[in-house]
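So you can see what is in the structure, the chains are spelled out below.
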Amino acid sequence: MTRSPLAEWPLPAFQLNNSFAVVDYSQEAEQLFGKPKRFFELLDEGSHAKAERLLKTRGSKKPIELNFTTAAGFFLADVYYRWDSDFSLNLVLVPKDDQMAAITAQLIRLRGRLKETDYELLKEKERSDALLDKVRELSAPCIAIGGGYVLIPLFGNLDAKKVEAIRPYIVTRIYEYEAETVVIDLTAMGSVTQEGVSYLESLVQTLGVMGIDAVITGVKPDHAQKLHLLKREMNLRFEASLESVLTTASENQ
């Protein structure tokens, strides 16, 4: 038999001729009924007359409820059918037995669990975002010290990930404070990577675009080796300590 695309249907399906002989069937149909030759052989005896009467109705689009027999027993199904021509009738069976109901219930339960999981993931993301914001704030707090000055004491190591993580927070807070000068204090800073210096340069450039001066204080000897090029290329201002910055500021007022 030459098989058509009907063979791949995910439900029991048949193609019949005008004598109701089986021309083709899906793999699902074959699993249930074997290799049938006549459609009426698959029906419970009480469904024969009903099936023959209704299947001859060419214009109906409503399904027929029929009872089928298999080696495993009886099952009830809605049969959807359509005549493609005077000689070709297509049928699809949608089982209505307890197994189908169980599968439907299982899908409903699964959908409910997925919704619960999505909600839990959303809450977890919100908690993670809040913790990340707190880490950024603790890693680089912005402290208004008067006179248009804002102090940013950096903690930990100065690397690319560090600066990239805190930059959005710093820029937002500085804008809110209407800062004129930002003092970046490295006293509590550990190691400094060259990539971190490049990101620090980018941060300082961002402040410059905003019309804000940047001063770096608390530079340790091992920091200086990485930062001296930054001072030369950007004409960046360095001070020994925060106290010296404030002293210079008071003298200029």
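Residues numbered from 1 in each chain as written. Predicted model: local features only at pLDDT ≥ 70, side-chain atom pairs only at ≥ 80, totals over all residues. Heavy atoms only, no water.

The name an unreviewed UniProt entry gives the protein is STAS domain-containing protein, with Planococcus rifietoensis as the organism.

1. Details of the overall build of the protein
Short version of the rule: The way it works is that DSSP assigns letters per residue, a run of H or I at least four long becomes a helix, a run of E at least two long becomes a strand, and they are numbered from the N terminus. Each residue's exposure class comes from its accessible area (1.4 Å probe, protein chains only) as a fraction of the maximum for that residue type: buried when under 20%, exposed when over 50%, partly exposed otherwise. We call two residues in contact whenever any of their non-hydrogen atoms come within 4.5 Å of each other. For every accessible area listed, the method is Shrake-Rupley and the probe measures 1.4 Å; residues are considered covered only by the protein chains on display.
Scanning the protein from N- to C-terminus turns up seven helices and 12 strands. Among the 253 residues that make up the protein, the fraction classed as buried is 34%. The contacts of the protein with a sequence gap of at least 6 include a subset with a gap of at least 24, amounting to 53%. When the accessible surface of the protein is summed, it comes to about 15500 Å², and 54% of that surface belongs to carbon and sulfur atoms.

2. Quick look at the pattern of salt bridges
Spelled out, the test is: Basic side-chain nitrogens of Lys or Arg form a salt bridge, by our definition, when they fall within 4 Å of a carboxyl oxygen of Asp or Glu.
Inspection of the entire model under this criterion finds three salt bridges. Close ionic contact of R82 with D84 constitutes a salt bridge, the shortest N to O distance being 3.2 Å. We note a salt bridge from E176 to R173, for which the minimum N-O separation is 3.0 Å. With a gap of three residues between them, E176 and R173 both fall in helix α4 (residues 160-177), about one helical turn apart. Owing to a relative accessible area of 48%, E176 belongs among the partly exposed residues under this scheme.

3. Overview of the sheet that holds strand β11 (residues 213-217)
For the record, the criterion: Pairing between strands is defined by DSSP: at least two bridges between them are needed. Interaxial angles span 0 to 180 degrees and are taken between N-to-C directions of axes, which are lines fitted to C-alpha atoms, for helices over the stretch in contact.
The five strands are arranged β6-β7-β9-β11-β12 in an open sheet whose pairing can be described as mixed. In this open sheet, the two strands that pair with only one neighbour each are β6 (143-146) and β12 (237-239). Across the sheet, the mean angle separating the axes of adjacent strands is 30° when strand polarity is ignored.

4. Here we look at the pairing of strand β9 (residues 181-185)
With five of five residues buried, β9 lies mostly within the body of the structure. Burial along β9 is two-sided: the face carrying T181, V183 and D185 and the face carrying V182 and I184 are both buried. Summarising the sheet, strand β7 (residues 149-153) and β9 pair through five bridges and their orientation is parallel. Considered in β9, the bridge of I152 is made with I184. Where β9 lies against β11, five bridges are found, and the strand directions are parallel. Among the inter-strand pairings, T181 is bridged to a residue of β11, identified as D213.

5. Thoughts on the nonpolar core
Across soluble globular proteins, you tend to see nonpolar side chains buried next to one another. Test applied: For our purposes a nonpolar core is just a set of buried Ala, Val, Leu, Ile, Met, Phe, Trp, Tyr and Cys residues, chained together by side-chain atoms within 4.5 Å.
Membership of the largest hydrophobic core comes to 27 residues, with the highest contact counts inside it found for I152, L154, I170, I174 and V182. When neighbours within four sequence positions are excluded, I174 is seen to be in contact with I152, A179, V182, L207 and I212. Membership of the second largest hydrophobic core comes to 24 residues, among which are F14, A77, L89 and L93.

6. Quick look at a nonpolar patch on the surface
Where we set the bar: Patches draw on residues past 30% relative accessible area with no salt bridge. Two like charges within 9 Å are joined, as are two nonpolar side chains (Val, Leu, Ile, Met, Phe, Trp, Tyr) within 5 Å.
Together, I143, I145 and L246 give the surface a local cluster of nonpolar side chains, amounting to about 210 Å² of exposed area. Relative to the helices and strands, I145 resides in strand β6. Given a relative accessible area of 31%, I145 falls into the partly exposed group.

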